[in-house]
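# Reading the structure
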Amino acid sequence: MSAEREVSLSSGRECASALRSEGFRVTEIDAGPDLPARLAEARPGVVFNALHGRWGEDGCVQGLLEWMRLPYTHSGVLASALAMDKQRSKEVFAAAGLPVAESVLAPRDEVRARHVMTPPYVVKPNDEGSSVGIYIVDAAADAPPALSDEMPETVMVEAFAPGRELTTTVMGGRSLAVTDILTDGWYDYAAKYAPGGSRHVVPAEIPEVIAALCLDHARRAHEVLGCRGVSRTDFRWDEAKGADGLVVLELNTQPGMTPTSLSPEQARAVGMSFGEMCRWMVEDASCDR
């Protein structure tokens, strides 16, 4: 039901295929209002959660699975809810000493009426992923953004963090690698999912000290939110500022799971095939996450 339905379907198809190749019996369920009945009928040994966005990534379906006592993959209720709430997760990161960009929550109508922060800044929903509903306000902008009515009533306004787009996957408490995401413009929905929208360099060709910081920050972010299984933390790095130019943007508890997605690419870079990664996630599944 989320804005990331198509991405979820893609992850689901790819993971189901990979798990079958690993010898598992797989039942694919398109999550809708009848999900509890479908799960009760299927009686799975493990639920592989391939959902992205609201309801599937924010603690809702995790709570259902806990209630039904069905072992599942990825993070539990609290970590999922925290990570999906960008502002609250940033407050947790900052309290743990991780670098984040300044941000505030503000009413949509107020953001339309005036600059609530000195440009440049970014306006985004506080609880969506995949760069859904992103507005970039340039330093020279003489007017606030004309936000769509589809934007939520309260939005996040975040200081624009210039520089390169880096990301690191954590799997079972281990940071895998750093990817440098190259694109001609903003890393938006199209750049993430359209063919040729972006190019991924893994391992990233960056100074060792920056790579080490990304690996450390991603692991710490995973831990302080209480994540389980696989997560992915996104960064921006301003090369001109060196180590001081690295900021944590957000953590994804349900990163994309197709063979060419960022996290599977990083697993492959450390010697793990897509099928092996999916198998690990199933074997890691549990309740009480």
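Reference entry: report on the structure contained in this document.

Cut-off values and rules
- Residues numbered from 1 in each chain as written.
- Predicted model: local features only at pLDDT ≥ 70, side-chain atom pairs only at ≥ 80, totals over all residues.
- Heavy atoms only, no water.
- Buried < 20%, exposed > 50% of the residue type's maximum accessible area, 1.4 Å probe, protein only.
- Helix = DSSP H or I, 4+ residues; strand = E, 2+ residues; numbered from the N terminus.
- Arc of directions from axis to C-beta.
- Contact = heavy atoms within 4.5 Å.
- Polar contact = N/O pair within 3.5 Å; in protein donor to acceptor, adjacent residues only side chain to side chain.
- Pairing = 2+ DSSP bridges.
- Axes fitted to C-alpha atoms, helices over the stretch in contact; angles between N-to-C directions.

## Section: helix α10 (residues 274-284)
Every buried residue of α10 is accounted for by F274, G275, M277, C278, M281 and V282. Seen from one end, α10 has its buried residues packed into an arc of 165°, which puts them on one side. Taken together, the buried residues of α10 touch α1 (5-21), β5 (164-171), β8 (230-237) and α9 (262-269).

## Observations regarding the side chain of S286
When you line up the elements, S286 lands in the segment after α10. Here R289 takes part through its side chain, which lies 3.0 Å from a polar atom of the side chain of S286. Apart from the residues lying within four places of it in its own chain, the contact partners of S286 are P71, Y72 and R228.

## Describing the sheet that holds strand β2 (residues 121-125)
Pairing within the open sheet is antiparallel, and its four strands lie in the order β1-β4-β2-β3. Lying at the two open borders of the sheet, with one neighbouring strand each, are β1 (103-107) and β3 (135-137). If you compare each strand with its neighbour and ignore which way they point, the axes differ by 25° on average. Pairing geometry for β2 and strand β4 (residues 154-159), over five bridges, is antiparallel. Opposite V123, over in β4, you have V157 as the bridge partner.

## A few points about the pairing of strand β9 (residues 246-252)
In terms of burial, β9 is largely enclosed, as seven of its seven residues are buried. Of the pairings in the sheet, the one linking β8 to β9 comprises six bridges and is antiparallel in character. Of the residues in β9, the one forming a bridge with T233 is L251.

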